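Examination of the molecular architecture
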Amino acid sequence: MAATKAPALPASVDATLAMLGGADYVADRSLATAVHLALHLKRPLFLEGEAGVGKTEIAKVLSAALKRKLIRLQCYEGLDVASAVYEWDYARQMIEIRLAEAGNEDREEIESTIFSDRFLIKRPLLQALEPEIEGPPVLLIDELDRTDEPFEAYLLELLSDFQVTIPEIGTIKAAHPPIVVITSNRTREIHDALKRRCFYYWVDYPNAERELEILAKKAPGAAPELSQAVVGFVQKLRKMDLFKLPGIAETIDWTEALMQLDVLELTPNAINDTLGVLLKYQDDIARIQGSEAARLLDQVKAELAAAPRGS
Amino acid sequence: MRRQSSPATAEQGRLVANLMHFARTLRAAGMPVGPGKVIDAVAAVRTVGITNRSDFYWTLHAVFVNRPDQRPLFDQAFHVFWRNPELLKKMMALVLPEMSLDLPEDEKQEMLRRLAEALHPNPESRETGETELEFDAAMTFSDREQLQGMDFEKMSLDELAQAKAAIARLRLPVLDRPTRRFAPDPRGARADMRATLRAALRSGGIVELKRKSRRLRPPPLVVLCDISGSMSRYSRMFLHFMHAITNDRDRVYTFVFGTRLTNITRYLRFKDVDLALDKVTEAVADWSGGTRIGHCLVDFNLYWSRRVLGQGAVVLLITDGLDRDVGVGLAHEMDRLHRSCRRLIWLNPLLRYEGFEPKSLGMRAMLPHVDEFRPVHNLDSLENLVTVLSAPAPRRLTAAAMLHNGVRAA
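Every chain's residues receive numbers from 1 upward, in the order its sequence appears when written. For naming, the first written chain is A and the first written ligand is 1, with later ones following in the order written. Local features in a predicted model are, by the rule used here, given only for residues with pLDDT of at least 70; side-chain atom pairs are given and counted only at 80 or more, and totals for whole chains, interfaces and linings are based on all residues. Working from all heavy atoms in the structure, the side-chain values ignore hydrogens and water.

Considering the pattern of salt bridges
The working definition used for a salt bridge is a side-chain nitrogen of Lys or Arg within 4 Å of a carboxyl oxygen of Asp or Glu. Going through the model one piece at a time under the given rule, you end up with 29 salt bridges over all chains. The closest approach of N and O atoms between B:R181 and A:D148, which form a salt bridge, is 2.8 Å. One end of the pair, B:R181, is in strand β1 (residues 177–184); the other, A:D148, is in the loop between β5 (138–142) and α8 (149–161), on a second chain. Here B:R181 matches A:D148 in class, with each residue buried. Per the convention used, a helix needs a DSSP run of H or I reaching at least four residues, while a strand needs a run of E reaching at least two, with both numbered from the N terminus. Think of it in three bands: residues with accessible area under 20% of the maximum for their type are buried, residues over 50% are exposed, and the middle band is partly exposed, with areas taken using a 1.4 Å probe on protein chains only.

Next comes the structure, spelled out in structure tokens:
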């Protein structure tokens, strides 16, 4: 059974931090504390924050670092039990009935056969309750704020007892609860009843130093000067009153875009050409493009010249 | 009922007692901290261990904090409490929150006010409510706002009874939106295979096809109500109106604005209308002052629109459009608001005058961006609103053109 033994859970906050770092995720110690608690007390981890700050990434990293299966449930408005938990395979059930009737089988027997595991299509939430050889899987419930309140209420049972009730079969309970990571962009407030069952963490934009570290790991080909200018510029943008501030994902994308265009040094022109990668609203782009971008860039350059960061 | 903790050492016992005390402080300060959280906190602290202050902080943070806006409160409470628990006793003894602490100046003010309020719950409403309001006033920094409690008593009893009765009858049948969920429906367009198969097994023989159709649900409703001086004659009525619709359905969000935007949804959820309006009066600082529509809409668009305008929301904007900032930046924000919702309905009390022409700059800036422009000045017009909302929405972009042709940009 223990042929492919998965790594054990990290024993301390330091070990958790090291594990995340080992999987190329640069985390604050505060985040590592929350992750550590979630892993050891077997409660869901609830991550909130702006888009593109690396919430979803945490689940992926946990899955990779602990060598567990990652099961992802992408939420949307009107998500229902049939697409989140389970559904019966009607077509096969009907064939089975026809065959059974042709063979003159007993009705009771047909009923017990067609409502069995064989005809059950398992969706992410049910899959997450199944035992895996490597250990309980990582269940990522992504962008929970996109669903509606009824689905949230349904999750309450699942997340507190890790069980699902199927009327035709009975209750299915996980022997070992999965590692649950829930993310929300906060387009609406998630009910306290659900949050209460989780460890909460607000994922913030990183500071310049941390963002440079992240960039070094995620876009290793970028020249240090370019990375520093990019991070400086993005940090300046985040202090502005924009409709949608750029996240870390945008910083990485932008750096990669600049590298693709063989930009070695950040210039106003290069910024204007690629601003669409960084800002996603026309108003914001119109505001920054041109003179404002040049002004910010000058500031960034002046600051870099004043305090050169050795790396 | 509570699970008894196993015999612990004196040290642990003190920690548990302290955590319990800390949880009580947070609860008193308004955070939803139940007894279950204390058990969680003890388990969490035992898991992480107390090695350094930062880990301890983030451990408790993960347990007690549920929302980003609770973070500052938690932060202050943590630092005050775990620095010196004796401090709390001192604070409790203080009547007015004026004491010196070695904290940065601004932090001190904010912390003392909120924690002091938490430690001095005032259950009696009327008299203390007024003093609290004055206290609040002292803490605000703008002299442009006329800070005064709104006087609901002025409404005559007759008027009040009439309005209440009419408003209580009011139902806003904003057209339901189809969701992606299904409900059984004998005349539905889709086959419900699951129900069909179950029915077939029950009866055997001929399979009767069960049907289903999309479930309908009312869209979220967002009310933005102007409470500035020029609207003060109507504000009372509208508050009753907003209270009625807030308690009539789910997903109603209410905001009032004058010189600043205030979310009053939570207060209006109180079933008792007097209690709800008392709470609103306490919470809102800019009654009957000036109007800065553009400024308030910027706030709404930036901080709230993405949270309350999902899922096909309908927006009711109640204002006379008289803007102190003479419409600067208003068109832009109205445009954004219009694009973010399914239907934007402007209710304007000035529209009751025959031959009214929207001449003020603010109005001219707003008008091209609304789907519907309606009078709202008496109970009749509120009832008319019901008929309008229950009719299917006309095609977008046409409504504004009825009053104001050709201004809309392509």
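Picking up after the structure, the text goes on.
Describing the confidence of the model for chain B
Residue and element names in this part refer to chain B. Confidence along chain B averages 72 in pLDDT terms, with 65% of residues attaining 70 or more. Note: pLDDT gives the predictor's confidence per residue, expressed from 0 to 100. Contacts are residue-level and defined by heavy atoms, with any inter-residue pair within 4.5 Å sufficient. In this model residues 91–110 is a low-confidence stretch, pLDDT under 50, and it forms 29 contacts with partners more than four residues away in sequence or in other chains. Throughout residues 402–410 the model reports pLDDT below 50, and contacts reaching past four residues in sequence, or to other chains, amount to nine contacts. On the interface metric, ipTM, the complex scores 0.78, and its pTM is 0.74.

Quick look at the interface of chain A and chain B
Contact with chain A, which involves 54 residues of that partner, is made by 41 residues of chain B. At the junction of chain A and chain B, the tally comes to eight salt bridges. Residues B:R71 and A:D204 are paired through a salt bridge, measuring 4.0 Å at the closest nitrogen-oxygen approach. Polar contact is the term for a pair of N or O atoms within 3.5 Å; when the atoms are in protein, one must be able to donate a hydrogen and the other to accept it, and sequence-neighboring residues count only if both atoms are side-chain atoms. Across the contact surface, chain A and chain B share 13 residue pairs in polar contact (both at pLDDT 80 or more). Broken down by secondary-structure element, the contributors of at least two residues to the side of chain A that touches chain B are α2 (29–41), β3 (86–88), α5 (90–102), α6 (107–114), α8, α9 (192–195) and β9 (199–203) of chain A. Element by element, the count of residues in the side of chain A that touches chain B is highest for α2(A), at eight residues. The residue inventory of the side of chain A that touches chain B, partitioned by class, reads 25 nonpolar, eight polar and 21 charged. Under the convention adopted here, Pro, Cys and the residues Ala, Val, Leu, Ile, Met, Phe, Trp and Tyr are nonpolar, Asp, Glu, Lys and Arg are charged, and Gly plus all remaining residues are polar.

Quick look at the sheet that holds strand β7 (residues 314–318) of chain B
All names here are of chain B. The pairing criterion is simple: DSSP has to find at least two bridges between the two strands. Read across the open sheet, the six strands follow the order β6-β5-β4-β7-β8-β9; overall the sheet is mixed. Since the sheet does not close on itself, it has two edges, and those belong to β6 (261–263) and β9 (372–375), each with one partner. Sheet twist, expressed as the mean angle between neighbouring strand axes with direction ignored, is 20 degrees. Relative to β7, strand β4 (residues 221–226) runs parallel, the two sharing five bridges. Across the sheet, L224 pairs through a bridge with L317, a residue of β7. Against the sheet, helix α13 (residues 293–308) touches β4, β5 (252–257) and β6, its axis set at about 160 degrees to β5. Orientation is described by axes fitted as lines to C-alpha atoms, over the contacting stretch for helices, and by angles from 0 to 180 degrees between their N-to-C directions.

Concerning the sheet that holds β1(B)
Residue and element names in this part refer to chain B. Taken in spatial order, the three strands line up as β1-β3-β2 in an open sheet, and their pairing is antiparallel. What marks the edges here is a single partner per strand, and that holds for β1 and β2 (190–191). Relative to strand β3 (residues 211–217), β2 runs antiparallel, the two being bridged by two bridges. When the sheet's bridge partners are listed, A191 is paired in β3 with R211.

Describing the nonpolar core
Grouped together as the largest cluster of nonpolar side chains are 130 residues, with contacts concentrated most on A:L62, A:L125, A:I141, A:F233, B:F22, B:L60 and B:F64. When sequence neighbours within four positions are dropped, the list of residues in contact with B:F22 reads B:L60, B:F64, B:F74, B:A77, B:F78, B:F81 and B:W82. What makes a nonpolar core is a set of buried Ala, Val, Leu, Ile, Met, Phe, Trp, Tyr and Cys residues whose side-chain atoms join them at distances within 4.5 Å.

What about the packing of aromatic side chains?
Working definition: rings of Phe, Tyr and Trp (its six-membered ring) pair if their centres are within 6.5 Å, and the pair is stacked with planes under 30 degrees apart, edge-to-face with planes over 60 apart, and tilted otherwise. For the coordinates displayed, the defined rule picks out 18 aromatic pairs over all chains. Their ring planes at 50 degrees and their centres at 4.6 Å tell us that B:W346 and B:F373 sit as a pair that is tilted. On the criterion of sequence distance, the pair formed by B:W346 in strand β8 (residues 343–348) and B:F373 in strand β9 is long-range, its members being 27 residues apart. Residue classification places B:W346 among the buried residues on the basis of a relative accessible area of 0%. Each ring is checked for a lysine NZ or an arginine CZ that lies within 6 Å of its centre and within 35 degrees of its normal; such an atom marks a charge sitting over the ring. One cation-aromatic arrangement involves A:R43 over A:F199; the distance from NZ or CZ to the ring centre is 5.6 Å. Above the plane of the ring of B:F182 lies B:K212, whose end atom (NZ or CZ) is 4.6 Å from the centre.

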